[in-house]
Amino acid sequence: MKVVLSIILAVIVGFFVAIEIGLRSLFGFGNPLIYIGDAEIGYLLAPNQRTRRFGNRIEINQYSMRGAPIPKTPAPSTLRVLLLGDSIANGGWWTDQANTISSLMMRSLTSAINQNYQEVEVLNASANSWGPRNELAYLEKFSNFNAQAVVLLINTDDLFATAPTSLPVGRDRNYPDSTPALALVEVLRRYVFTQKPIPEMKAVNNEPGDRVGFNLEAIGKIQALTSQSNSKFLLVMTPLLRELGETGSRDYEIQARQRLSDFTQAQQITYIDFLPIFNSTTNPQSLYHDHIHLNLQGNQLVSKVMERSLLELLGDAPQNKSVVNSL
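Attention here is on the structure that accompanies the text. (Residues numbered from 1 in each chain as written. Predicted model: local features only at pLDDT ≥ 70, side-chain atom pairs only at ≥ 80, totals over all residues. Heavy atoms only, no water.)

Here the focus is the sheet that holds strand S7 (residues 149–155). Read from one edge to the other, the open sheet built from five strands follows the order S6-S5-S7-S8-S9, with strand pairing classed as parallel. Edge positions in the sheet fall to strand S6 (119–126) and strand S9 (270–273), since each of these pairs with one other strand and no more. In this sheet, adjacent strand axes meet at a mean angle of 20° when their direction is disregarded. The pairing of strand S5 (residues 78–85) with S6 spans eight bridges and is parallel. Along S6, the bridge assignment pairs Thr78 with Glu119. (Pairing = 2+ DSSP bridges. Helix = DSSP H or I, 4+ residues; strand = E, 2+ residues; numbered from the N terminus. Axes fitted to C-alpha atoms, helices over the stretch in contact; angles between N-to-C directions.)

Met65, Leu82, Tyr138 and Ile219 are the most contacted members of the largest nonpolar core, which totals 42 residues. The contacts of Leu82, once residues within four sequence positions are left out, are Met65, Leu123, Ala125, Leu139, Ser143, Asn144, Ala147, Ala149, Val150 and Val151. Ile88, Val122, Ala149 and Met306 belong to the second-largest nonpolar core, a separate cluster that totals 33 residues. (Core = buried A, V, L, I, M, F, W, Y, C linked by side-chain atoms within 4.5 Å. Buried < 20%, exposed > 50% of the residue type's maximum accessible area, 1.4 Å probe, protein only. Contact = heavy atoms within 4.5 Å.)

Below, the discussion takes up the environment of Lys141. Relative to the assigned elements, Lys141 resides in helix H4 (residues 132–142). Separated by 119 residues in the primary sequence, Lys141 and Gly22 place their C-alpha atoms 40 Å from one another. Ignoring any residue separated from it by four or fewer positions in sequence, one finds Lys141 in contact with Asp38 and Ile41. A distance of 2.5 Å separates the side chain of Lys141 from the side chain of Asp38, its partner in a polar contact. (Polar contact = N/O pair within 3.5 Å; in protein donor to acceptor, adjacent residues only side chain to side chain.)

Further remarks concern the side chain of Ser231. Its location among the elements puts Ser231 in the loop between helix H7 (211–228) and strand S8 (232–238). For Ser231, a relative accessible area of 10% corresponds to the buried category. Separated by 3.0 Å, the side chains of Ser231 and Asn144 make a polar contact. A distance of 2.6 Å separates a polar atom in the side chain of Ser231 from the backbone oxygen of Ala147. When residues no more than four places from it in sequence are discounted, the contact partners of Ser231 are Asn144, Ala147, Gln148, Ala149 and Thr226.

This next bit is on H4. When you tally the buried positions in H4, you get nine out of 11 residues, the bulk of the element. Within the span of H4, buried status applies to Pro132, Arg133, Asn134, Glu135, Leu136, Ala137, Tyr138, Leu139 and Phe142. Turning to H4, the residues buried within the fold contact strand S2 (42–45), S5, S6, S7 and H7. Of the residues one or two after H4, Ser143 is the one with positive phi, at around 75°.

Moving on: the pairing of S5. Counting buried residues along S5, eight of its eight residues qualify, which places the element largely inside the surrounding structure. Strand direction decides the pairing type here: S5 and S7, joined by five bridges, are parallel. In the strand pairing of S7, Leu83 is matched with Val151.

So, in structure tokens, the structure goes:
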């Protein structure tokens, strides 16, 4: 009887060990990206992380950017671009390191720049659900890393983003602050157990006042900081999937979009709205991973259009007509 129980116990243990190994090796569970709280930024990815999720490589450098480690100051022969954004810029678990917008831009710009530069760096300072006020706080804390250009990539929802808060860190399953003991524990937390509400988030989500105005003000401050460092500034906005086609944006989104357009004209900000660009493509739905995030095809289109505008801002467009015409 003891032998039978031992065999059964060994089989059970072996089964769970096999599951644990499979979850880690095949899907990357057990090693999630870790977040840290910040009084001004709200939260950011913990520095110096490497993981692989669903086969996609993810690396976070010493400045909480998605990318390899960098020197604080670039070499004189380096063209450095700082990309600020949320999960669309970051790429999340569904995007391999090589297929993020910043990586695509870096490779393309490397072949497009003229003899003034020998190397290109596109830094990716981003995190899930960041809004303009998070991105402003990051820029204020870390500076623009001596970038010749700063690109702010937002989406329509970011016009309504709330004030930065660290409340989700360690309490929301999407913002873990520590590594789980087992991969199976992470799977249970993410997909089986019910997310416990965070009562304090109610006040954050019900922020009073003109939320669109607050975010426009933050964009203006990002522009001002960029100008103070003699860098070029580019603002880019991608639409939600449901905004495409005949349905279009909702009334409150149309109003916010118009406010943003008027604001960019008044502030003389170079602005790219991807709503008409996506609508002009044959199958805009094919650009999306889900209702808001882009897939590789979407990232490629966005990076190409952004590259064209950057070259124009930096004065390299005449030497790169092939890049412009390819769009």
